[in-house]
Amino acid sequence: MHNKNKKMETQTIKNKKTATKVTEIISGSEAVVRCLIAEDVKIIYGYPGGAIMPVYDELYKYRDKIHHVLTRHEQGATHSAQGFARISGKVGVAIATSGPGATNLITGIADAQIDSTPLVCITGQVPSHLLGSDAFQETDIVGISTPVTKWNCQVTRAVDIPAALAKAFYIARSGRPGPVLVDITKDAQFEEFDFSYEKCTKVRSYLPVPKTDIATIEAAAKLINEAKKPFIIWGQGIILSEAELQLKAVVEKAGIPAAWTILGASALPTSHPLNVGMLGMHGNYAPNKLTNECDVLIAIGMRFDDRVTGSLSTYAKQAKVIHFEIDAAEVDKNVKTDVAVLGDAKASLELLLPLLNENSHPEWHQQFKDLYAIEYEKVIKGDLHPTKEGLTMGEVIKEINIQSKGEAAIVTDVGQHQMIACRYAEFNKTKSNITSGGLGTMGFGLPAAIGAKMAAPEREVVSISGDGGYQMTIQELGTIFQQKTAVKMVVLNNEFLGMVRQWQQLFFDKRYASTEMVNPNFVAIAEAYYLKARKVTKREDLKEAVAEMMASKEAYFLEVVVEKEGNVFPMIPSGASVSEIRLE
Amino acid sequence: MSTEKQLYTVSIYTENNIGLLNRISAIFQRRHINIESLNTSSSEIEGVSKFTIVVNMTEVNIKKIIGQIEKQVEVIKAYYHNDDETIYQESCIFKMKSDLLFDERQIQNIIKESNARIVTVNKEFFVIEKSGKKEEIELLYRELRGFGIMQFTRSGRIAVTKEEMKISILLETYNN
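Model, not experiment: these values are computed from the prediction.

This part is about the domain arrangement of chain A. All names here are of chain A. By the assigned domains, chain A splits into domain 1 (8-194), domain 2 (214-367) and domain 3 (389-562). For domain 2 versus domain 3, the distance between C-alpha centres works out to 31 Å. At the junction of the two partners, domain 2 supplies 13 residues and domain 3 supplies 15 residues. Of the residues in the side of domain 2 that touches domain 3, the class split is seven nonpolar, four polar and two charged.

What follows is the structure, given as structure tokens:
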């Protein structure tokens, strides 16, 4: 009955009352592609290999429906899918073969897990009769990926593929998003079955968004209305639930200064008068200092990461803490809350808004302004308007701000350039800051920028990397060349692993162990991929070079040689209190 | 909330899923928490599995662990209880030489007094089974040790709680 080479379509009456159901006998591999199409997936990132070849064969047949991007390494596939997801709010898809293909996905999956990025990863697996036998390119990817996925499973029968993928997409995107992995044995890809696809809308054991208790909203409103020094700290939850307008309304109505975690950046425009800057280790001076002076701390869609809180025993002890959170496991995990509002940020803020009194707290705002003035004198002025020789990272970011008019999506890697970019980038639009926050994955930036540009071709996407992280995934220049992806790439080259070097300077008596980099000719490498490229070493050339980059209709690589031993300040030393933030 | 370590019985209702044991044990492993005992079985609800895990830790930390367990997609609900809030049992079996039954008369008394029972006897060996609290089992072990134990195995704790566990109601609310 199951003819392997011929697709069979027969009609059977399934339900007498309604319509006829088309029986469609297709292979498991074709089913994979059909499921992706049903989920409205148009771009996927991946790398072929033995155990996933049947799916690639179907991708070839359906190439007019799904654009497969061949990255140069599977890590690039996951990071590209992440960049895609972060700028679009949609699920990113990565695909790889078994064994090394699958293990190479792991860094990106772990990054997506800790940064709550919706990803569906599909891996091929050795045929089911070989499972457990140490077959060629066999690895227990379900076991390996378990601690870093929101959910994962292995499919050994074609008939299980549609339900597994439907569940995968649902779990990845719902509630607190995250990466999922579906491992499909090669025999399941070849096997034929009667295909039908139904989107998943619930999983019995899974409650994506906890019910919001209105009493908690009322308790939160009461605390906020009574507060003299209320302070909002928001995270990526605002962006994930698309609560930007609700956040703005709450901030404005109650007159509350608001600061952001690195992943929350761009949810409220940088220029908004109540946006008081970045929290955490290299965040702004005022929001860190005043965390320990506010009387009500209102955390929204953030998880009190240690890079934000510093020492927990001295964190906001004077304040009543309100935590708006979708993930119940985050409540009281790091910081004990007085009022926990479970639920979706957008819905909760909509309920909160009418209960808030109008307020302005001018004296409290003044405290932020006073501390900003100190930070400006000690740090910002020197970063953005340097008088010394040697370009600073800050002035490069400032030039990109000016020339992109704050409209660009900034994709950063990890390290000093990342902190500087997040501190100084001006964001007018949400979903404009794409970076590796929780995992701190060097090499994230370049491939993530590819995914971001493909998801939002109408947007200017500027990738900013250091000379270290750039070389961790530099092979993705090949993807940019082949795909003609018009990303703008900036490498801020200080010939050091700068952040580690800074720590060595401050905490290890300047013993620069393995942080000095002897670098290649970056321009020549970009040019070897036939990309436009330029190198800037002098301040007087910066403006013009950035202008040339921004004007380019195609991909453009710009290397800026910056001062070798620049440091990022302010800084909260590891394990210190937020109020011990150092300006020098 | 208590910051003293004590024994907690963790009861986890889950879907019957192959990889779930890994996911759950990894949550304890990450925080370096030693699992004292672990038992998995079917539960009172058809198609729902139950993990019974005993750990020694503070209430502050067990609450965080429970949150991270419940967060797993295929976990329906997790609870923690102390010993006063549960009725619990362990079980053990001893394999001993059959000669002892005739040569060492007090063995029969030990078996009787400890409420153990003989499961099987043959020419070479006999098998004793005993259910009870950990201390009772340990006492029996100490009493029999002197005679020479050929094999000994103790099970993990199984427990029911005094509190009602409304899993069926919960499943209904999830599905509406």
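On we go.
Below, the discussion takes up the interface of chain B and chain A. On the side of chain A, 18 residues touch chain B, which itself brings 18 residues to the contact. Looking at the side of chain B that touches chain A, the elements that each hand over two or more residues are β1 (6-15), α1 (20-30), α2 (59-70), β4 (75-81) and α6 (167-174) of chain B. Among the elements that make up the side of chain B that touches chain A, the one with the highest residue count is α2(B) (four residues).

Attention now goes to the pairing of strand β10 (residues 230-234) of chain A. All names here are of chain A. Of all five residues in β10, five are buried; the element is thus mostly enclosed. With five bridges joining them, β10 and strand β13 (residues 296-300) adopt parallel strand pairing. Bridging from a neighbouring strand, W234 pairs with I300 of β13. Relative to strand β11 (residues 258-260), β10 runs parallel, the two being bridged by three bridges. Looking at the pairing, I232 lines up with A258 of β11.

Residues and elements named next belong to chain B. For helix α5 (residues 134-145), with 12 residues, the first-to-last C-alpha span of 16 Å sits near the 16 Å given by 1.5 Å per residue. Those residues of α5 that fall on the buried side of the exposure criterion are I137, L140 and L144. One side of α5 carries all its buried residues, which in axial view fall inside an arc of 60°. Counted as exposed and oriented over 90 degrees from the buried face of α5: E135, R142 and R145. Those residues of α5 that are buried are in contact with β5 (86-97), α4 (106-113), β7 (125-132) and β8 (151-154).

The subject of this paragraph is the packing of helix α9 (residues 214-226) of chain A against helix α14 (residues 345-352) of chain A. Residue and element names in this part refer to chain A. Where α9 meets α14, the axes come as close as 10 Å, and the angle between the chain directions of the two elements is 60°. Our classification of the angle between α9 and α14 gives oblique. Note on packing geometry: the crossing formed by α9 with α14 is right-handed. Contacts between α9 and α14 involve I214, I217, A220 and A221 from the first element and S348, L351 and L352 from the second. Among the residues forming the contact of α9 with α14, the class breakdown is six nonpolar, one polar and no charged.

In this section: the sheet that holds strand β6 (residues 119-125) of chain A. Residue and element names in this part refer to chain A. On the basis of which strands lie adjacent, the open sheet formed by six strands has the order β4-β3-β5-β6-β8-β7 and parallel pairing. In the strand order of this sheet, the two ends are held by β4 (67-70) and β7 (151-155), each with one partner. Neighbouring strand axes in the sheet, compared pairwise and without regard to direction, differ in orientation by 20° on average. Running over the sheet, helix α3 (residues 74-88) touches β3 (43-46), β4, β5 (92-96) and β6 and is turned about 170° from β5. Running over the sheet, helix α7 (residues 161-173) touches β6, β7 and β8 (179-185) and is turned about 165° from β8.

On to the environment of K71(B). Turning to its location among the elements, K71(B) is positioned in the loop between α2 and β4. Exposure remark for K71(B): the 20 C-beta atoms within 10 Å place this residue in the buried category. Taking the C-alpha atoms as reference points, K71(B) and E129(B), 58 residues apart in sequence, are found 38 Å from one another. Here K71(B) is in contact with D327(A) and A329(A), once residues within four sequence places are set aside.

The subject of this paragraph is unusual backbone geometry. All names here are of chain A. Here the bond from F569 into P570 is cis, since omega is 0°, no more than 30 degrees from zero. Take P570: it is sitting in the segment after β21 (556-561). For D332, which is not glycine, the phi torsion reads 65° and is therefore positive. The topology assignment puts D332 in the loop between β14 (320-325) and β15 (339-342).

Turning our eyes to something else, we now look at the sheet that holds strand β16 (residues 409-412) of chain A. Residue and element names in this part refer to chain A. Strands sit in the order β17-β16-β18-β19-β21-β20 across an open sheet of six strands; the sheet is parallel. Two strands close off the open sheet at either side, each with one partner strand: β17 (433-434) and β20 (532-536). With respect to the sheet, helix α23 (residues 539-551) is in contact with β19 (488-493), β20 and β21, its orientation differing from that of β20 by roughly 165°.

Below, the discussion takes up the confidence of the model for chain A. Residues of chain A with pLDDT of at least 70 account for 96%, and the chain-wide mean is 96. Here residues 1-17 of chain A scores under 50 on pLDDT; set against residues more than four positions off or in separate chains, the count is 19 contacts.

Rules used throughout
Residues numbered from 1 in each chain as written. Chains lettered and ligands numbered in written order. Predicted model: local features only at pLDDT ≥ 70, side-chain atom pairs only at ≥ 80, totals over all residues. Domains from an automatic or database assignment. Contact = placed C-beta atoms within 7 Å. Nonpolar A, V, L, I, M, F, W, Y, C, P; charged D, E, K, R; others polar. Helix = DSSP H or I, 4+ residues; strand = E, 2+ residues; numbered from the N terminus. Buried ≥ 20, exposed ≤ 12 C-beta atoms within 10 Å, placed from the backbone. Pairing = 2+ DSSP bridges. Expected span 1.5 Å × (residues − 1). Arc of directions from axis to C-beta. Axes fitted to C-alpha atoms, helices over the stretch in contact; angles between N-to-C directions. Parallel < 35°, antiparallel > 145°, perpendicular 65-115°, else oblique. Left-handed = near helix turned anticlockwise from the far one by under 90°. pLDDT = per-residue confidence, 0-100.

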